[in-house]
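A structural walkthrough
Read off the chains here:
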Amino acid sequence: LGAQIVVEGDDNSKSVLMDFGKGLYATPALSLDKTHKYRLRITTSNNEIYLSSYEAVLSNPPIDSIGYTIPNNNTVQINVNTHDPANVVNYYRWDYAETWKFHSEYQSDYVTNGDSIVLRTPNQDVYHCFNSDTSSSIILGSSAQLTQHVIYHQPIVPVLANNEKLEDKYSIEVN
């Protein structure tokens, strides 16, 4: 708590992370120059200093594909496949955003206009609905112990087959 966290470049650049309290530190996305190396400098509240070693900036390998498996009759498992053609990335982290279309249990064709009951117009449709969610867990993968830097069928999120997410249309964006 109360530490100062700085990302330092071997070019003498510095980016100070914001202290959000409770040991949480963050920074907006950094534009790191891939021709330089960077390290973390942590200065604690009692002035102890911890330095990581300088590390090269790694490029995110592209996601090759997103798919699904059905490991049992009541679950659809969303998976990701990726590989690092440069063979330098060993550790991966993913997150996702999902959106789905579903409908209410009953169709409501009528609405009151204050004086009488009339048919709903298309822009008054309350039968079709959309919802969205983002990942709330840390999804990690590693190819460090593998002979090739390939991640195949990495589980991202399970969706119960009877969940409303799969009722009409489902979309997931994995990063």
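Everything here concerns the structure above.
Quick look at the structure, then. Everything quoted here is computed from the prediction, not taken from an experiment. (Residues numbered from 1 in each chain as written. Predicted model: local features only at pLDDT ≥ 70, side-chain atom pairs only at ≥ 80, totals over all residues. Heavy atoms only, no water.)

**Notes on the sheet that holds strand β8 (residues 63-72)**
Strand pairing in a sheet takes place through backbone hydrogen bonds and is either antiparallel or parallel in direction. In plain terms, the rule: At least two bridges found by DSSP between two strands are what make those strands a pair. Under the DSSP-based scheme used, a helix requires at least four consecutive residues in state H or I and a strand at least two consecutive residues in state E, with every element numbered from the N terminus. For helices, the fitted line uses only the C-alpha atoms of the stretch in contact; every axis is such a line through C-alpha atoms, and the angle between N-to-C directions lies from 0 to 180 degrees.
In spatial order, the strands read β8-β9-β16; together these 3 strands make up an open sheet with antiparallel pairing. Of all strands in the sheet, those with a lone pairing partner are β8 and β16 (150-160), marking the two edges. Sheet twist, expressed as the average angle between the axes of neighbouring strands with direction ignored, equals 25°. Bridging between β8 and strand β9 (residues 75-83) involves 7 bridges; their strand directions are antiparallel. Note on β9: the bridge partner recorded for Gly67 is Asn79.

**Some words on the nonpolar core**
The condition that has to hold: As used here, the term nonpolar core means buried Ala, Val, Leu, Ile, Met, Phe, Trp, Tyr and Cys residues forming a set that is joined through side-chain atoms within 4.5 Å. Burial status follows relative accessibility: with a 1.4 Å probe on protein chains alone, a residue under 20% of its type maximum counts as buried, one over 50% as exposed, and anything between as partly exposed. Contact definition: two residues touch when any of their heavy atoms are within 4.5 Å.
Counting 14 residues, the largest nonpolar core has Ile78, Trp94, Tyr96, Ile156, Val157, Ile172 and Val174 as the members making the most contacts within it. Elements supplying a minimum of two residues to this core: β9, β10 (91-94), β16 and β17 (169-174). Among the elements that make up this core, the one with the highest residue count is β16 (4 residues). Setting aside anything within four residues of it in sequence, one finds Tyr96 in contact with Asp133, Thr134, Ser135, Ile139, Ile156, Val157, Ile172, Glu173 and Val174.

**Considerations on the pattern of salt bridges**
Spelled out, the test is: A carboxyl oxygen of Asp or Glu within 4 Å of a side-chain nitrogen of Lys or Arg is what we treat as a salt bridge.
For the structure shown, the criterion picks out 5 salt bridges. One salt bridge connects Asp95 with Arg93, and the closest N-O pair in it is separated by 3.8 Å. Since its relative accessible area comes to 28%, Asp95 is described here as partly exposed. Linking Glu98 and Lys165 is a salt bridge whose minimum nitrogen-to-oxygen distance equals 2.7 Å.

**Comments concerning the pairing of strand β15 (residues 139-142)**
Burial along β15 is one-sided: Ile139 and Gly141 are buried, while Leu140 and Ser142, pointing the other way, are not. Where β10 lies against β15, 4 bridges are found, and the strand directions are antiparallel. Paired with Trp94 across the two strands is Ile139, which belongs to β15.

**Observations concerning the packing of aromatic side chains**
Stated precisely, the cut-off is as follows: By convention, a stacked pair of Phe, Tyr or Trp rings (six-membered ring in the case of Trp) has centres within 6.5 Å and planes under 30 degrees apart, an edge-to-face pair has planes over 60 apart, and any other such pair is tilted. Only Lys NZ and Arg CZ are tested; either one counts as a charge over a ring when it is within 6 Å of the ring centre and within 35 degrees of the ring normal.
Overall, the coordinates contain 1 aromatic pair when judged by the stated rule. On the numbers, 5.7 Å between centres and 5° between planes, the contact of Tyr92 with Trp94 is stacked. This pair shows no difference in class: Tyr92 is buried, exactly as Trp94 is. A cation sits over an aromatic face here: Lys165 above Trp100, 4.9 Å from the ring centre.

**Observations regarding the sheet that holds strand β14 (residues 128-134)**
Strand order in the open sheet formed by 3 strands is β14-β11-β17, and the pairing between neighbours is antiparallel. Edge strands, defined here as strands with exactly one partner in the open sheet, are β14 and β17. Going from strand to strand, the sheet's axes swing by 15° on average, the running direction of each strand aside.

**A few points about the side chain of Thr82**
Note the following rule: Two N or O atoms count as a polar contact when they lie within 3.5 Å, although within protein this holds only if one can serve as hydrogen donor and the other as acceptor, and sequence-adjacent residues are included solely when both atoms are side-chain atoms.
Along the chain, Thr82 turns up in strand β9. Residue classification places Thr82 among the buried residues on the basis of a relative accessible area of 1%. A polar contact is formed between the side chain of Thr82 and the backbone oxygen of Pro62, at a distance of 2.5 Å. Setting aside its immediate chain neighbours within four residues, Thr82 contacts Pro61, Pro62, Ile63, Asp64, Tyr92, Trp94, His149, Val150 and Ile151.

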